[in-house]
Amino acid sequence: MVAVAGPVPVRSASLVVNGAARRGAAAYDAVQRTLVDAGIELRHCALVDPSDLVGDVDTALGTGAGLLLVGGGDGTIGVVAGMLADLPAAARPVLGVLPLGTANDFARTLGLPPDVASAVTALVAGKVVDIDLGRANGIAFLNVASLGLSVAVTDALRPALKRRLGPAAYPLAAAMSYRRHVPFRARLEFPAGDVAPIDLGDLLQLAVGNGRHYGGGNTIAPDAGIDDATLDIYAIRAGRLRDHLRVARLLRNGTLVHSQHVHHLITRSVSLTTDEPLPVNLDGEIATTTPVEFVVQRNAIEVLVPAHVTHLRHDAALDHLIRPWQ
């Protein structure tokens, strides 16, 4: 493990690219050439089918390379991040992210440029920081977990639609899903006792954010961060279309949490129950159902960021001040 933020400490890497990602196959060869030209020894390279992702990552980890570069969208990166966080610290490589998906919100949170060539260049000259992971019933997520409207949006985001429209597919899918939404109720309890239990009814959507961005560049909350050891929760009440259109305009900068139609809380952990089991979306993938326990895994993994990034740091030395996520 790396003790402090600084120049990239490894000269060997493994590369795993999701071949089904929006730009995956097209970028695969170019990324390899760029890394070799930068003097990085590539011990394993794989352009994988999503169904083979876990096996190929295990193979890459077996090479002992100090850097694992993963190309794909937020769902792909989230799976790999969860795998790394489950490893012993001594066996855990640094994660490098290549933004090859549709939304690339995690890459945006890390300050990476959106085009792959620039991202590779920034990573090679970058530094190491550590970040938190969210956990929903033990399953890792990077950006946000949500239920309600966002689940219907995920169902509407067919791969062909994302490939054809890119980030513009998100508002289109949201408009399609809004008309069919059924409001729901949720009860929130807080094991750490930092917030009083609360019952919320007539909801359009409830989100639990670990990172800063989601949904193609929307901001969870103005002060949300992926290394602050907290979760930002917001719940949007159902209501009139014109009210929701006003809220939607506030999504980009996160000021929606100040709206009278939105309930905002900050906590380290939350237990969420609903009247009936509801599916939960983790970084764009339906991965679990309610009831669900959300916690923060503090300083869970190390990642590469561009050298100019100042909003993230390497502070694993502070871990003893934070209660372990388990």
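Structure shown above.
Just so it is clear, the model here is predicted, and its values are computed rather than measured.

J.: Teacher, can you tell me more about the overall build of the chain here?
T.: A count of helices and strands for the chain gives nine helices and 17 strands. For the chain, the share of sequence-separated contacts (at least 6 apart) that also reach a separation of at least 24 residues comes to 72%. With the model as given, the accessible surface of the chain reaches about 13800 Å², and the carbon-plus-sulfur share is 55%.

J.: I would appreciate a short explanation of unusual backbone geometry in the present structure.
T.: As a rule of thumb, non-glycine residues mostly have phi less than zero, and peptide bonds are mostly trans rather than cis. Geometrically, the link from T290 to P291 is a cis peptide bond, its omega value of 5° lying close to zero. Within the secondary structure, P291 is located in the loop between β16 (285–289) and β17 (292–305). The residue N104 is not glycine, and still its phi comes out positive at about 55°. For N104, a relative accessible area of 11% corresponds to the buried category. Phi at N137 is positive, roughly 50°, even though this residue is not glycine. Considering the arrangement of structural elements, one finds N137 in the loop between β5 (127–136) and β6 (139–141). Of the residues examined, N137 reaches a relative accessible area of 36% and is grouped as partly exposed.

J.: Mind showing me how you'd approach the nonpolar core here?
T.: One broad rule of soluble globular proteins: the nonpolar side chains tend to lie buried together. Counting residues in each nonpolar core, the largest one holds 51 residues, and the members touching the most others are L95, F106, I301 and V303. Considering every element that reaches this core, the biggest residue donor is helix α3 (residues 74–85), with six residues. When neighbours within four sequence positions are excluded, V303 is seen to be in contact with V94, L95, F106, L110, K127, V128, V129 and I131. Grouped together as the second largest cluster of nonpolar side chains are 25 residues, A136, A186, L188 and A235 included.

J.: Quick question: what am I supposed to make of the packing of helix α2 (residues 53–61) against α3 here?
T.: Packed helices, taken two at a time, are described by the angle their axes make and the gap between the axes. At their nearest, the axes of α2 and α3 sit 11 Å apart, and the two run at 50° to each other. Put simply, α2 runs oblique to α3. Classified by chirality, the crossing of α3 by α2 is right-handed. Every residue of α3 that contacts α2 at L53, V54, V57, D58 and L61 is listed here: T76, V79, V80, M83 and L84. When the residues that make up the contact of α2 with α3 are grouped by side-chain class, the tally is eight nonpolar, one polar and one charged.

J.: Hey, could you run me through empty space enclosed by the protein in this one?
T.: Think of a ball as big as a water molecule: rolled over the atoms, this probe shows where empty space is left. Summed over the entire model, instances satisfying the criterion amount to one cavity of 30 Å³ or more. In terms of lining residues, the largest cavity is bounded by ten residues, among which I40, L67, L123, V124 and L304 are the most central. Those elements giving two or more residues to the lining of the largest cavity turn out to be β3 (67–72) and α5 (116–124). In terms of residues, the lining of the largest cavity owes the most to one element, α5, which gives three residues. For the lining of the largest cavity, the class distribution of residues is ten nonpolar, no polar and no charged.

About the cut-offs
- Residues numbered from 1 in each chain as written.
- Predicted model: local features only at pLDDT ≥ 70, side-chain atom pairs only at ≥ 80, totals over all residues.
- Heavy atoms only, no water.
- Helix = DSSP H or I, 4+ residues; strand = E, 2+ residues; numbered from the N terminus.
- Contact = heavy atoms within 4.5 Å.
- Areas by Shrake-Rupley, 256 points an atom, 1.4 Å probe, with all protein chains shown as cover.
- Buried < 20%, exposed > 50% of the residue type's maximum accessible area, 1.4 Å probe, protein only.
- Core = buried A, V, L, I, M, F, W, Y, C linked by side-chain atoms within 4.5 Å.
- Axes fitted to C-alpha atoms, helices over the stretch in contact; angles between N-to-C directions.
- Parallel < 35°, antiparallel > 145°, perpendicular 65-115°, else oblique.
- Left-handed = near helix turned anticlockwise from the far one by under 90°.
- Nonpolar A, V, L, I, M, F, W, Y, C, P; charged D, E, K, R; others polar.
- 1 Å grid on protein atoms, 1.4 Å probe; cavity = no way out; pocket = protein on both sides within 12 Å on 5 of 7 lines; lining within 4 Å.
- Points joined across faces, edges and corners; volume = space filled by probe spheres on them.

Purely spatial values, then, with no claim about function.
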